[in-house]
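# Summary of structural features
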Amino acid sequence: IGKPFDQAAPIIHTLNKHGYECFFVGGSVRDFQLKRTIGDVDLATDADPHTVQQLFKRTIPVGIEHGTILVLLNDNSYEVTTYRTEGEYKDHRHPEQVFFVDSIEEDLSRRDFTINAIAMDLDGNIIDPFNGLQDLKSKRIQTVRHAQDRFNEDALRMLRAIRFSSQLEFFIDDEVVTAIKENRSLLDAISVERITVELTKMFGGNGVVRALEYLKETNLYQQLPIFRENEEVFSQVYKRLREPISDQAVLIAYLHLMEPSISISTWCKAYKLSNAVKRKATIIHEAFDQHQTTGLTNDLLYQLTFDHIPSWNEYIRLAEGKSYDLSELYSMFEQLPIKQKSDLAINGSDLIRLFPGRKKGKWISDYLSELEYQVLRQELPNQKDEIERQVKTWNQTEQN
Ligand code: ATP
Ligand code: MG
């Protein structure tokens, strides 16, 4: 039935050989039916987690209390989860307990949407008690059982409905939309980290414009950090964002550009994004600003660094409607005399050795950054002797 499933087949064979059931479940089955690119292949089994651990050589008990064991096979890893249902939900986010159950049907019944509640075996046979296949065909997002109840159990599902509508370009059932409207305040119980995961996927989906419509129609945006406190920020995004943005740094930089009163660091803090994302968003935004005054220069590409060139190009395309040819940017970068500080033909220790009489201090980093830019602007060749001659003249004038 296809490569990602075939690669996981030994897991199913092993469990079957020992008398257990095992099926493909969740996103991979859905995406396979839709002929979309398949992400993680998840499995469900009636074997208990300890049995799963015993049957496979390399395992990691990533969520053993919820029945999930990660099985490592060749270069892949698979979440193998024991059939389960969930107990009472007290706080709209986590069940008090989970209960292992005997049948795949019961396991499917705890899943959020009908399109995510389909199981498949190695021959492509389907188990579909909630008519998920039909909903895939009619492009509908519908909860397994009553939306109202399912959102009360776990409020994140409201945002998940909207992110799936974006990724799959599906419509959300009226009953589900109504239930989101009525229960939106429950989203406050959900951690920012989980919200960020769903929102990032939402912004990266081809149906992002439709998803923004749903956020507005249900007022769910009023439960989201920053949008909650700044009505006009959401309306800017709603009006102006017309295409998916999958890179978090580009997204944050663009959100900041649409509403400059909210800084990049405010966005990153509110959504608990990593320092790496914050740094990258800042770098591409600064390069964007600089580009507006100087155009494309060696300095600009150097400051971006090789890694951030494509994201920056994407950012200026979003902001200005046009971008550069990536290969052109790469070949320009390739021709830079130096590509990073460590490429400079001289370093701090060299400078100290060169002027043994001078106390260590700020002059060292000042010299290095001045050299960096002279070399970049090709005012000075990147050669040790030439550079030494240059710094000696600086030293001369400073000592006098
Ligand atoms: P993606 O391709 O983005 O990973 P996915 O469908 O695999 O999409 P996951 O978040 O990885 O989504 O979850 C895997 C499966 O677990 C889902 O398809 C669904 O069956 C179930 N699931 C995940 N989160 C929930 C939830 N909050 N409530 C109920 N079921 C859930
Ligand atoms: Mg998944």
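Anyway, here's the lowdown on the structure attached to this text. (Residues numbered from 1 in each chain as written. Chains lettered and ligands numbered in written order. Predicted model: local features only at pLDDT ≥ 70, side-chain atom pairs only at ≥ 80, totals over all residues. Heavy atoms only, no water.)

For the rest of this paragraph, the subject is the sheet that holds strand β4 (residues 68-73). With respect to topology, 7 strands assemble into an open sheet ordered β3-β4-β5-β2-β1-β8-β9, the strand pairing being mixed. Strand pairing shows two members of the sheet lacking a second neighbour, β3 (59-63) and β9 (126-127), which therefore form its edges. The pairing of strand β1 (residues 22-25) with strand β2 (residues 42-45) spans 4 bridges and is classified as antiparallel. Bridging from a neighbouring strand, Phe 23 pairs with Ala 44 of β2. (Pairing = 2+ DSSP bridges. Helix = DSSP H or I, 4+ residues; strand = E, 2+ residues; numbered from the N terminus.)

We now examine the nonpolar core. Judged by nonpolar contacts, the single largest core of 112 residues is most densely connected at Leu 212, Leu 215 and Leu 224. Among residues more than four places away in sequence, those in contact with Leu 212 are Met 202, Phe 203, Phe 234, Val 237, Tyr 238 and Leu 241. Judged by nonpolar contacts, the second largest core, of 11 residues, contains Val 25, Leu 108, Ala 117 and Ala 119. (Core = buried A, V, L, I, M, F, W, Y, C linked by side-chain atoms within 4.5 Å. Buried < 20%, exposed > 50% of the residue type's maximum accessible area, 1.4 Å probe, protein only. Contact = heavy atoms within 4.5 Å.)

Let us now look at the packing of helix α16 (residues 309-320) against helix α17 (residues 326-334). It is at 10 Å that the axes of α16 and α17 come closest, and there the two elements cross at 135°. Between α16 and α17, the angle is such that the two are oblique. Two packed elements cross with a definite hand, and for α16 against α17 that hand is right-handed. Listed contacts from α17 to Ile 309, Pro 310, Trp 312 and Asn 313 of α16 are Leu 326, Leu 329, Tyr 330 and Phe 333. Among the residues making up the contact of α16 with α17, the classes are represented as 7 nonpolar, 1 polar and no charged. (Axes fitted to C-alpha atoms, helices over the stretch in contact; angles between N-to-C directions. Parallel < 35°, antiparallel > 145°, perpendicular 65-115°, else oblique. Left-handed = near helix turned anticlockwise from the far one by under 90°. Nonpolar A, V, L, I, M, F, W, Y, C, P; charged D, E, K, R; others polar.)

Below, the discussion takes up helix α20 (residues 384-399). If you check α20, its first and last C-alpha atoms are 22 Å apart, about what 16 residues at 1.5 Å a residue would give, namely 22 Å. Looking at α20, one finds that the buried residues are Ile 387, Val 391, Trp 394 and Asn 395. Down the axis of α20, the sector holding all buried residues measures 100°, keeping them to one side. Projecting away from the buried face of α20 at angles above 90 degrees are the exposed residues Arg 389, Gln 396 and Thr 397. In the core, the buried residues of α20 are packed alongside α18 (348-354) and α19 (362-376). (Expected span 1.5 Å × (residues − 1). Arc of directions from axis to C-beta.)

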